[in-house]
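Architecture at a glance
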Amino acid sequence: MNKIVEVVGLSKQFGKVNAIDNVSFTLEEGKIYGLLGRNGAGKTSIMHILTAQLFKTSGEIKVFGEDPYENERVLKQICFIKESQRYPDMFRMEDVLKVSPMFFPNWDRKFANELVELFNLPLKQRIRKLSRGMLSAVGIIVGLASRAPLTIFDEPYLGLDAVARSLFYNKLLEDYAEHPRTIILSTHLIDEVSQLLEHVLVLDRGRLILNEEAEALRGRASKIVGSAAKVEFFLAGKQVIHREPFGGLSSATILGALTAEDRARASELGLEIAPVSLQQMIVHLTGSKSGNKEEAL
Amino acid sequence: MSRVAGIVKTHLTDLWSWAMMPWLILGISFTVNVIIGASVGDKIETGGLSSIYVYMLVLGVGSVGQTFPFLIGFGARRKDYFLGTTATIALIGAGSVILLLILGYVERQTGYWGIELHFFNISYVTDGPLIQKFWVLFSMMLHFFFVGFAISSIYRKFGRDGLFFFFIAFGVAITFAVYLLSVFDRLRAVFDWFVDLTVLGLANGLFLLTLVYVGLSYLLLRKASF
Amino acid sequence: MTFHMDDSRPIFMQIAERIENDIIEGRLPEESQVPSTNQFAAFYQINPATVMKGVNLLVDQEILYKKRGIGMFVATGVREKIVEKRKEQFFEQYVVTMVKEAEKLGINEEQLTEMVKRGAKKP
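Everything in this summary refers to the structure shown in the same document.

About the criteria used
Residues numbered from 1 in each chain as written. Chains lettered and ligands numbered in written order. Predicted model: local features only at pLDDT ≥ 70, side-chain atom pairs only at ≥ 80, totals over all residues. Heavy atoms only, no water. Contact = heavy atoms within 4.5 Å. Buried area = accessible area lost by both parts, 1.4 Å probe. Salt bridge = Lys/Arg side-chain N within 4 Å of Asp/Glu carboxyl O. Polar contact = N/O pair within 3.5 Å; in protein donor to acceptor, adjacent residues only side chain to side chain. Helix = DSSP H or I, 4+ residues; strand = E, 2+ residues; numbered from the N terminus. Nonpolar A, V, L, I, M, F, W, Y, C, P; charged D, E, K, R; others polar. Pairing = 2+ DSSP bridges. Axes fitted to C-alpha atoms, helices over the stretch in contact; angles between N-to-C directions. Core = buried A, V, L, I, M, F, W, Y, C linked by side-chain atoms within 4.5 Å. Buried < 20%, exposed > 50% of the residue type's maximum accessible area, 1.4 Å probe, protein only. Domains from an automatic or database assignment.

Let's talk about the interface of chain C and chain A
Contacts between chain C and chain A engage 21 residues on the former and 23 residues on the latter. Across the interface of chain C and chain A, roughly 1,800 Å² is buried in total on both sides, 48% from carbon and sulfur atoms. Of the charged contacts in the structure, one is a salt bridge between K53 of chain C and E213 of chain A, with a shortest N-O distance of 3.3 Å. Linking chain C to chain A there are 14 residue pairs in polar contact (both at pLDDT 80 or more). Of all elements in the fold, only α1 (11–24), α2 (37–44) and α3 (48–60) of chain C reach the threshold of two or more residues within the side of chain C that touches chain A. The residue makeup of the side of chain C that touches chain A, split by class, is 12 nonpolar, six polar and three charged.

See below:
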């Protein structure tokens, strides 16, 4: 497998704040990655550094084997759809369609036009006057039609309704199947995209806390429910990522596969074992206490 | 190369700002001058032409904010952004100056619009042979644009506070320089030097200054982040 | 999202189960062609690599086989095989737990058989 991105010991400080703290990972060719974590976890900073729009404090990064800064060979192979992408005030969708092929060598005009129709985008309207959802659609169209070997979507579906989001997933998978490439989906809403991902990177307060195949993570966490004392007894020696008391009951989420022995013991103690979704597991890992729930709504 | 062309194209998408606004402004300025000229009845020479140059400064300030974040977001190199923007202003500048020269010719042929209004022909500035006229008007246009461009680049790199401190530092430096000149009784000499400066010398000097702004802006934008 | 997979279990196993179900219920007869990885991926909106993993699981169990350049096919005689496997799972998953629960409630064997019969009659 070709390594598309190699990051070693990357750190970024804003003043005294560590936005990215000693992060290392590699991305392989042709996979769909999820860059997950709460808002402010450092996702956007990493993507900006990968695309040479922000400068690292220390560490090493290589994209397509080279330093991306001012490097045309690298930059023309990347399409980064920023959540905050700005367009000149006078720009309309048709201008985006006109200019894009000059920056993305694999641009597919026909596909782009097809997407414009699918997403019902007005060609002649100023982009700055579009709704948040439509602005997201502009990004999605550019991201898909650019067919860049490394395509990065940062919170791509803000403001899109369920139909449009589903349309995005369909088109993404369809086009990815025909033109395999490396894709990064960055989001704090894990639930919707988790099925699309082959590999998951989770950031928490600037640190990379999880870097694994999505399938290997599903079923890794379990929830143990029962009387508080018995639950505590069962938890001895296990990695607990979340605890929730509930009257005399207690519910705990643990990481790691349960052995047949564990299950037998739980059953003896009268404890219930429930599966935990990937989304739930990541929410627990990245600390669900403050504010995250409102965002997830 | 296609990326530099893409940057030129991106700039020129806003044809309104690049090609129409300057002429609209100049047109209004001209109309006002005509009205004044007609009522005065004497030979008048106004500075109305400067409006297009001031506009170029504003355009220089505005264009970075409009296009730099967009184009860097689309994966353009900073160097290409620079080349593309310089190419755009050279293109627009040359076109505008040619138009100014044609209007100057018309002005002379029509006996200064029949009202002795010297709008496009200004003594000192447009004296001399055609090629010199072109160079003077052109280098002034680049100069104004890149003054604006450099100011905006400072803002991109250092933010609002950076720009604020830059202007304070700039003001202090000028004050201090003038003070030193007066202390050493050199003010008069500097003044005379300016008076003796030929228009060609002025144009060349402005061009050199422009190169300084270009270099400065480039260094700033190379390190500007988001 | 019409087909949301259960996100708490590996999706490739769910894909394999769905294909097996289709074989048992006759939607995928023996020697018929199985939809391609990409068709599955688009239909269920899941990552193609995940689908591939599920399909490969069935290839390893010789339930599916690959015709080079054409695609995946259901092997002959596998319906029986899957049904046998499922019966085994059924016993473990439902019968054993049912008997345990019955013991807890003091239901004896006779009563339990009676209840099963009653359950079978329900429409």
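Focus: the sheet that holds strand β9 (residues 207–213) of chain A
Residue and element names in this part refer to chain A. Pairing is mixed in the open sheet, where six strands are placed in the order β5-β6-β7-β3-β8-β9. Each of the sheet's edge strands pairs with one partner strand only, and the pair in question is β5 (78–81) and β9. Going across the sheet, the axis of each strand differs from the next one's by a mean of 15°, ignoring polarity. Judged from the five bridges that link them, strand β3 (residues 32–36) and strand β7 (residues 182–187) form a sheet pairing that is parallel. When the bridges of β7 are listed, Y33 appears paired with I184. The strands touched by helix α1 (residues 43–50) within the sheet are β3, β5, β6 (150–154), β7 and β8 (199–204), with β7 carrying the most contacts at an inclination of about 150°.

Details of the nonpolar core
Ranked by size, the top nonpolar core spans 105 residues in total, and within it F103, F168 and L185 of chain A together with L49 of chain B carry the most contacts. When residues are assigned to domains, this core turns out to be shared by domain 1 (3–212) and domain 2 (219–276) of chain A, each giving three or more. If near-sequence neighbours (up to four positions away) are discounted, F103 of chain A is found in contact with K76 of chain A together with R3, G6, I7, T10, L71, F74 and A76 of chain B. The next biggest cluster of nonpolar side chains, apart from the first, holds 28 residues, and it includes L10, A19, V23 and A41 of chain A.

A closer look at the interface of chain A and chain B
Interfaces are often described in size by the accessible area the parts lose on coming together. Residue-level contacts link 29 residues of chain A with 32 residues of chain B. Here chain A and chain B share an interface that buries about 2,700 Å² over both sides, 58% of which is from carbon and sulfur atoms. By the criterion of area lost to chain B, the three top residues of chain A are E70, M102 and F103 of chain A, representing 26% of everything that side buries. Between chain A and chain B we count three salt bridges in total. A salt bridge links E72 of chain A to R77 of chain B, with the nearest nitrogen and oxygen atoms 3.6 Å apart. For the pair chain A and chain B, the number of links is nine residue pairs in polar contact (both at pLDDT 80 or more). Elements represented by at least two residues in the side of chain A that touches chain B include exactly α2 (72–75) and α3 (93–99) of chain A. Top contributing element to the side of chain A that touches chain B by residue count: α3 of chain A, with four residues. Residue composition of the side of chain A that touches chain B, by class: 16 nonpolar, five polar and eight charged.

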